[in-house]
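One-letter residues, chain by chain:
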Amino acid sequence: MTPSPQALIGAALLAAGRPVTRREVADLLGLPEEAAARALEAFAATLRAAGLGFEVEAVAGGYRLVVPPPLSAHLSPLLAPPALPPLSAAALEVLAVIAYRQPVTRAEIEAMRGGSAGTVMTLQERELVKVVGRSGAVGQPLLYGTTERFLLEFGLTGLDALPPLEGADFSHLLRG
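Keep in mind that what you see is a predicted model, and the values were worked out from it rather than measured.

Undergrad: Any chance you could break down the overall build of the chain for me, citing the residues and the numbers?
TA: Check the secondary structure of the chain and you find 8 helices and 5 strands. Secondary structure elements of the chain, listed N to C terminal, follow the sequence α-α-α-β-β-α-α-β-α-α-β-β-α. Projected onto its principal axes, the C-alpha coordinates of the chain cover approximately 60 × 40 × 30 Å. Across the 176 residues of the chain, 34% fall into the buried class. For the chain, the proportion of contacts with a sequence separation of at least 24, taken over those separated by at least 6, is 45%. Surface summary for the chain: the accessible area is close to 10500 Å², and the carbon and sulfur share equals 59%. Measuring between centres, the 14 positive side-chain charges of the chain sit 3 Å from its 17 negative side-chain charges.

Below, the structure is given as C-alpha cells:
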C-alpha cells in the first residue's frame, strides 16, 4: 500500500523534528517544487478544516507542525521544561544588533550599543547566536550571526522577515 501525499507530508513534518523545506517535500513526493508547494497548502488546509489541534507553520525556510497559540495555554501543565526566563533588555539589544548587522564583532556591538556586549555568551548558550567566522581586522576578532534557532524562536521565515528597524519593539517577539 502506497501512502497518500498528505500522509507522507504529515509524517515528514512530525518526524523530522525541524522545519522541512519545500525541496525536501518535493523530493519525498517525487514532484516538482511548485506541485509540492500546492500539496503542502492542501495539507495545511485539511488540518485547519479538521480542527485537530495542530497546524502547519512556515518558519526558518521550511514547514513544521505546531500547536495553534489559542490552544497553547491549555497545554501548559503538560509541557516541559519550563520556558527560559525572558531575555533582558540588554540581551534583546545585543540580539537585535547581531540580527540586523550580521556578521558583526563584539567591538562593533559595543560601539553600536554604547556599552558592554556581555550578554553574547547568554545568547550563545540559548543557541540564538553563533560564531560565524573571523574578521580580517587586527587580531581577527570573532564574527557573530544568528542561528536557525533564532528564526524558530522568533517565528521568522528568514532574516528578511525581521520587522523594520526604526521604532521596533522586540520584547514581544520571543515566544519563550
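Following the structure, the description resumes.
Undergrad: Lay out unusual backbone geometry with the relevant residues and their values.
TA: Residue P103 is bonded to the preceding Q102 through a cis peptide linkage, with omega at -5°. Examined against the element boundaries, P103 turns out to sit in the loop between α5 (89-101) and β3 (104-105). The backbone of A60 shows a phi angle near 50°, a positive value even though the residue is not glycine. Examined against the element boundaries, A60 turns out to sit in the loop between β1 (55-59) and β2 (62-66). Its relative accessible area of 15% is what places A60 among the buried residues. Of note in this structure, Q140 is not a glycine but carries a positive phi near 45°. Examined against the element boundaries, Q140 turns out to sit in the loop between β4 (129-134) and β5 (142-146). Relative accessible area serves as the criterion here: at 46%, Q140 is assigned to the partly exposed category.

Undergrad: Which residues make up the side chain of S135, and what values go with them?
TA: Mapped onto the secondary structure, S135 falls in the loop between β4 and β5. According to the relative accessible area criterion, S135 is buried, its value standing at 16%. A distance of 3.0 Å separates the side chain of S135 from the backbone nitrogen of A137, its partner in a polar contact. Excluding its chain neighbours within four sequence positions, the residues that come into contact with S135 are T105, Q140, P141 and L143.

Undergrad: Could you give an account of the pattern of salt bridges, with specific residues and numbers?
TA: Tallied over the entire structure, the rule returns 9 salt bridges. With a shortest N-O distance of 3.2 Å, R23 and E33 are connected by a salt bridge. Remark: E33 occurs in helix α3 (residues 33-50) and R23 occurs in helix α2 (residues 22-29); sequence separation between them is 10 residues. Judged by relative accessible area, R23 falls into the partly exposed class, the value being 37%. Between E41 and R48 there is a salt bridge whose closest N-O contact spans 2.9 Å. The network of salt bridges with common partners includes R23, D27 and E33.

Undergrad: Please provide a residue-by-residue account of the confidence of the model for the chain, values included.
TA: Summarising the model, the chain shows a mean pLDDT of 86, and 91% of its residues fall at 70 or more. Across residues 170-176, where pLDDT falls below 50, the model places 21 contacts with residues more than four positions away in sequence or in other chains.

Undergrad: Describe the packing of α5 against helix α6 (residues 106-113), listing the residues and the values that go with them.
TA: Viewed as axis vectors pointing N to C, α5 and α6 meet at an angle of 115°, and their least axial separation amounts to 10 Å. When the axes of α5 and α6 are compared, the crossing they make is right-handed. When α5 is examined against α6, the residues A90, E93, V94, V97, I98 and R101 are found in contact with a partner set consisting of I109, M112 and R113. Tallied by class, the residues present in the contact of α5 with α6 amount to 6 nonpolar, no polar and 3 charged.

Definitions and limits used
Residues numbered from 1 in each chain as written. Predicted model: local features only at pLDDT ≥ 70, side-chain atom pairs only at ≥ 80, totals over all residues. Heavy atoms only, no water. Helix = DSSP H or I, 4+ residues; strand = E, 2+ residues; numbered from the N terminus. Buried < 20%, exposed > 50% of the residue type's maximum accessible area, 1.4 Å probe, protein only. Contact = heavy atoms within 4.5 Å. Areas by Shrake-Rupley, 256 points an atom, 1.4 Å probe, with all protein chains shown as cover. Lys, Arg positive; Asp, Glu negative; His and termini not counted. Charge placed at Lys NZ, Arg CZ, Asp CG, Glu CD. Polar contact = N/O pair within 3.5 Å; in protein donor to acceptor, adjacent residues only side chain to side chain. Salt bridge = Lys/Arg side-chain N within 4 Å of Asp/Glu carboxyl O. pLDDT = per-residue confidence, 0-100. Axes fitted to C-alpha atoms, helices over the stretch in contact; angles between N-to-C directions. Left-handed = near helix turned anticlockwise from the far one by under 90°. Nonpolar A, V, L, I, M, F, W, Y, C, P; charged D, E, K, R; others polar.

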